[in-house]
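Coordinate inspection notes
Residue strings, one per chain:
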Amino acid sequence: MNRKSLEEQFFRRLTQLTTVLLFVVLTWIIATILYRGIPAMSWDMITKVPQGGFYFGKEGGVLNAIIGSFYLAGGATLCAIFVSLPVALFMNIHLVKYQSFLTRIRLLLDILWGVPAIVYGAFGFTLMLYFGLRASLLAGIITVAIMICPIMIRAMDEVLRTIPRGLMEASYSLGSTRTETAFKIYARKALPGLTTAVLLALGKGIGDAAAVLFTAGFTDYIPENLLQPTATLPLSIFFQLSSPIEAVRERAYAAAIILTVIILLFSLTGRGISTLYKKYSANGND
Amino acid sequence: MISALKIKQTGSRFWVDRISTTWMLAGLFFILVVPFAIFLGLLIKALPLLYDQSLWAILSGTEWSPMRGNFGFLPFIVGSVLVTVLAVCFSAPTSLMAAIYITQFAPKRFLKLVHPVIDILAGIPSVIYGVWGVLTIIPLVAGLASWFGISSTGYSILAGGIVLAVMSTPYVLNMLIEVFRSMPIGLKEASLSLGSTYWECIKHVLLRKGLSGILAAFALGVSNALGNTIAVLMVVGNRVQFPSNVFEAGYPIPALIANNYGEMMSIPLYDSALMFAALLLFVMVTFFNFASRYFIQKYEV
């Protein structure tokens, strides 16, 4: 064998090994969480709020955090839709003629996407102080909504971009206004993709801990109105894991399983919808 | 150019159009204002500290004792940089190799198979990676340290770097796969037809052609790692010091902010210092993002 083919073989094997290693490590993560969490998993974990002495290893579950996370992420996602959908449509219908301006908006959105959650958290905190709010569900929702808006807009924008221009022209030529084109043609045509974008943002909202650290507070109860503080799953995991008591840490692993399952469900649903979308769309390339 | 036809200037359709266009514009305006609002909001909060001490003194100060009014940020900046550099050292070669294998050597259906998996992994919250780090990486690092004859609890810069590397790998890998996939097939064909081996083609043609895209993907990985909070906070040890080796604890900026929010209101200038930390992080990450996105857009053209 000459040097050339030796080198070829070497790198082929090396890259292959790296890939295998990568997937082994990533499977290892899931396996570790499952292995440590399943023994501590119980029906109480998902049906009960923390009882007295929960943080010393006594009775209770993390229902407060599960419900809190859903309230928070759900509320934030709803708020974000009201901003994101119009903006994404506006970019692809009203601004479609101004490509260089659009490129700049997209650059800005990408940069906002990359801003760390903790910075949004600190910013949400300053907003909260400015408006005289206390750490509450409302403050958390506002912070997370601001954080997921860029993600949602960019994801929706990527979907709307693929809609053929001819649809717009046809719609205009039939005499519809731009609003009608936007909501009745574009939004409907892209509906599955838009749903995937919303699920993506929802998953980010549920999984994030840093942004709500300052703004949502923490409580053992399920919040009853917007001005009460709320618990979230990632923070609940974090707090339980820093406990010196073994039984409490065990439950953090179980809570980690719950969070992972929720996230997996969201991303699988998103995938399923976009696969369906590909199957039923008229032309294969959109 | 196409444009909406002139419709009757009265009637409900006209008003619906007007109102919704205004709403859309307001939304766009809102989102364009956000980055400036973040910058200004944090700056205003950080001003009391900046009035009290000079910017240079804050950035280069080494002593952190809020009770005495000393806010030196250097240990935190060093901590952030060290953890990030370690993370990139681990994740950059791995994800590049994996991307080369997945897009160049492996059969096509392999990519179809792993793409969703990578996507899902990129969506797993950082607290989960943190839990994994505490469970597996901490003992591993402690063992490794004792093998080197250093005593360490395992909560260290190295542990932070490893967890961050694992976390950012799916994210970087995803972008690298895009870079390789968007490369024109003709380049590869031309190179192969001139008698190069696959590896020579990758080394001399694809890597060179994709260089800016690859660097941009790495840079996004860096900014991702710089800003990560919870996972790092859980494994890095959080001690204010200059680590003399990778087995010692460090204290990156996001961990500083997250760890001290509870007590910051009771000590003068403390809240201002933490908001300054957030501002610093924002500026660093935005700069990195801007540079890399700029590269990507240039590269895509």
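All residue numbers refer to positions counted from 1 along the written sequence of the respective chain. Following the order in which they are written, the chains are lettered starting with A and the ligands numbered starting with 1. Selection of residues for local features in this predicted model requires a pLDDT of at least 70, selection of side-chain atom pairs for listing and counting requires 80 or more, and totals for whole chains, interfaces and linings are taken over all residues. Side-chain measures were taken over the full set of non-hydrogen atoms in the model, leaving aside hydrogen atoms and water.

Let me state the cut-off plainly: UniProt positions are given in the numbering used here, feature names are shortened, and annotations may be inferred rather than shown by experiment.
The name recorded for chain B in an unreviewed UniProt entry is Phosphate transport system permease protein, from Gracilimonas mengyeensis. What UniProt records for chain B under Function (unreviewed entry) is the sentence "Part of the binding-protein-dependent transport system for phosphate; probably responsible for the translocation of the substrate across the membrane."

Under an unreviewed UniProt entry, the name given to chain A is Phosphate transport system permease protein PstA, and the source organism is Gracilimonas mengyeensis. UniProt, in the comment section headed Sequence similarities (unreviewed entry), describes chain A in these words: "Belongs to the binding-protein-dependent transport system permease family. CysTW subfamily." Regarding chain A, the UniProt comment filed under Subcellular location (unreviewed entry) reads as follows: "Cell membrane".

1. A word on the overall build of chain A
For clarity, the threshold we go by: By the criteria applied, helices consist of DSSP H or I runs no shorter than four residues and strands consist of E runs no shorter than two, each listed in order from the N terminus. By definition in these notes, contact holds between two residues if any of their heavy atoms fall within 4.5 Å. Using the Shrake-Rupley algorithm and a 1.4 Å probe, accessible areas are obtained, with residue cover drawn only from the displayed protein chains. In this tally, Lys and Arg are treated as positive and Asp and Glu as negative; His is ignored, and so are the chain termini. Charged groups are reduced to one reference atom each: NZ for lysine, CZ for arginine, CG for aspartic acid, CD for glutamic acid.
Each helix and strand in chain A was counted, giving 12 helices and zero strands. Going residue by residue from the N terminus, the α and β elements of chain A occur as α-α-α-α-α-α-α-α-α-α-α-α. When its C-alpha atoms are laid out on the principal axes, chain A stretches across 75 × 70 × 35 Å. Restricting the contact set of chain A to residue pairs at least 6 apart, pairs at least 24 apart contribute 73%. Per element, the accessible surface of chain A, about 12600 Å² overall, is 67% carbon and sulfur. Positive and negative side-chain charges in chain A, numbering 24 and 15 respectively, have mean positions lying 7 Å apart.

2. Describing the UniProt feature "transmembrane region" (unreviewed entry) in chain A
All names here are of chain A. The positions that UniProt labels "transmembrane region" (unreviewed entry) are, in the present scheme, residues 20-38, 70-95, 107-131, 137-156 and 252-273. Along residues 70-95 the backbone is 92% helical and 0% strand, and the end-to-end C-alpha distance reaches 35 Å. End-to-end, the C-alpha atoms of residues 107-131 are 30 Å apart, and along that stretch the chain is 88% helix and 0% strand.

3. Focus: the nonpolar core
As a reminder, the rule being used: Throughout, nonpolar core names a set of buried Ala, Val, Leu, Ile, Met, Phe, Trp, Tyr and Cys residues whose side chains join them through atoms within 4.5 Å. Only protein chains enter the area calculation, which uses a 1.4 Å probe; residues under 20% of their type maximum are buried, those over 50% are exposed, and those in between are partly exposed. How far each domain reaches was decided by an automatic or database domain assignment.
Core analysis: the largest hydrophobic core is formed by 188 residues, its most contacted members being Leu233(A), Phe73(B), Val131(B) and Met234(B). Formed jointly, this core draws a minimum of three residues from each of two domains, domain 1 (3-40) and domain 2 (47-280) of chain A. Contacts of Phe73(B), omitting those with residues within four sequence positions, involve Leu49(B), Ile58(B), Leu59(B), Gly61(B), Trp64(B), Leu256(B), Ala273(B), Phe276(B) and Ala277(B).

4. Considering the pattern of salt bridges
Residue and element names in this part refer to chain A. The condition that has to hold: Any carboxyl oxygen of Asp or Glu that lies within 4 Å of a side-chain nitrogen of Lys or Arg is treated as forming a salt bridge with it.
Under the criterion given, the structure shown has 13 salt bridges over all chains. Of the charged contacts, one joins aspartate 157 and arginine 154 as a salt bridge, the two residues approaching to 2.9 Å between their closest N and O atoms. Of the two residues, aspartate 157 and arginine 154 both sit in helix H6 (residues 137-161), three residues apart, roughly one turn of that helix. For the pair shown, aspartate 157 and arginine 154 are each scored as buried. By sharing partners, the salt bridges in this structure join Arg106, Asp110, Arg154, Asp157, Glu158 and Arg161 into a single network.

5. Here's the deal with the confidence of the model for chain A
Low pLDDT means the predicted atomic positions in that stretch should not be read closely. Rule in force here: As a per-residue quantity, pLDDT reports the predictor's confidence and falls between 0 and 100.
When pLDDT is averaged along chain A, the result is 86; 94% of the residues meet or exceed 70. Every residue in residues 282-286 of chain A is under pLDDT 50, and counting partners more than four places away or in other chains gives six contacts.

6. Overview of the interface of chain A and chain B
Stated precisely, the cut-off is as follows: Accessible area that two parts lose when put together, evaluated with a 1.4 Å probe and summed over both, is termed the buried area. Pairing of N or O atoms within 3.5 Å defines a polar contact, subject to two protein rules: one partner must be a possible hydrogen donor and the other a possible acceptor, and residues neighboring in sequence count only if both atoms are side-chain atoms.
The partner chain B presents 84 residues to the 82 residues of chain A that form the contact. Taken together, the two surfaces of chain A and chain B that pack against each other cover about 7700 Å², and 81% of this comes from carbon and sulfur. At the surface where chain A touches chain B, the tally comes to four salt bridges. In this structure, Asp119(B) engages Arg271(A) in a salt bridge whose closest nitrogen and oxygen atoms are separated by 2.5 Å. Our enumeration of links across chain A and chain B arrives at 12 residue pairs in polar contact (both at pLDDT 80 or more).

7. What to know about the UniProt feature "domain: ABC transmembrane type-1" (unreviewed entry) in chain A
UniProt records the feature "domain: ABC transmembrane type-1" (unreviewed entry) at residues 66-270 of chain A, using the numbering of this structure. The span residues 66-270 of chain A is 79% helical and 0% strand by assignment, and the distance between its end C-alpha atoms comes to 20 Å.

8. Things to note about the environment of Asn92(A)
Residue and element names in this part refer to chain A. Structurally, asparagine 92 can be placed in helix H3 (residues 63-93). Sequence spacing of asparagine 92 and arginine 165 is 73 residues, and the spatial spacing of their C-alpha atoms is 9.8 Å. Those residues in contact with asparagine 92 that lie beyond four places of it in its chain are Arg106, Asp157, Leu160, Arg161, Met168 and Tyr186.

9. A look at the domain arrangement of chain A
By convention, interface size is frequently given as the accessible area that disappears when the constituent parts associate. All names here are of chain A. Split by domain assignment, chain A resolves into domain 1 (3-40) and domain 2 (47-280). Here domain 1 and domain 2 have C-alpha centroids that lie 31 Å from each other. Counting from both sides, the interface comprises six residues of domain 1 and, opposite them, eight residues of domain 2. Of the roughly 580 Å² buried between domain 1 and domain 2 on both sides combined, carbon and sulfur atoms contribute 73%. Three residues, Ile33, Arg36 and Ala40, lead the burial of domain 1 against domain 2; their summed loss comes to 68% of the area buried on that side.

10. Things to note about the side chain of Ser84(A)
Take Ser84(A): it is sitting in helix H3. When its relative accessible area of 0% is taken as the criterion, Ser84(A) is described as buried.

11. Considering the packing of aromatic side chains
Stated precisely, the cut-off is as follows: Aromatic rings from Phe, Tyr and Trp, taking only the six-membered ring of Trp, are treated as a pair when their centres fall within 6.5 Å; an angle between ring planes under 30 degrees marks them as stacked, one over 60 as edge-to-face, and anything in between as tilted. A ring is considered to have a charge above it if a Lys NZ or an Arg CZ atom is located within 6 Å of its centre and within 35 degrees of its normal.
A full pass over the atoms with the stated rule returns 20 aromatic pairs over all chains. Pairing Tyr130(A) with Phe131(A) gives two aromatic rings, centres 5.3 Å apart and planes at 85°, and the pair type is edge-to-face. We classify Tyr130(A) as exposed; its relative accessible area is 68%. With a centroid separation of 5.3 Å and an interplanar angle of 75°, the aromatic rings of Trp64(B) and Phe71(B) are classed as edge-to-face. Side by side, Trp64(B) and Phe71(B) carry an identical accessibility label, which is buried. Here the aromatic residues Trp64(B), Phe71(B), Phe73(B), Phe76(B), Tyr251(B), Tyr270(B) and Phe276(B) are joined through ring pairs into a cluster of three or more. Sitting over the ring of Tyr198(B), Arg12(A) keeps its end group 5.8 Å from the ring centre.

12. Points about helix H9 (residues 191-207) of chain A
Put simply, the test is: One less than the residue count of a helix, multiplied by 1.5 Å, gives the span that helix is expected to have.
Helix length check: H9(A), at 17 residues, gives a terminal C-alpha distance of 24 Å against a target of 24 Å (1.5 Å per residue), a fit within 8%. Three or more residues of H9(A) are buried, namely Gly193(A), Leu194(A), Ala197(A), Val198(A), Leu199(A), Ala201(A), Leu202(A), Gly203(A), Gly205(A), Ile206(A) and Gly207(A).

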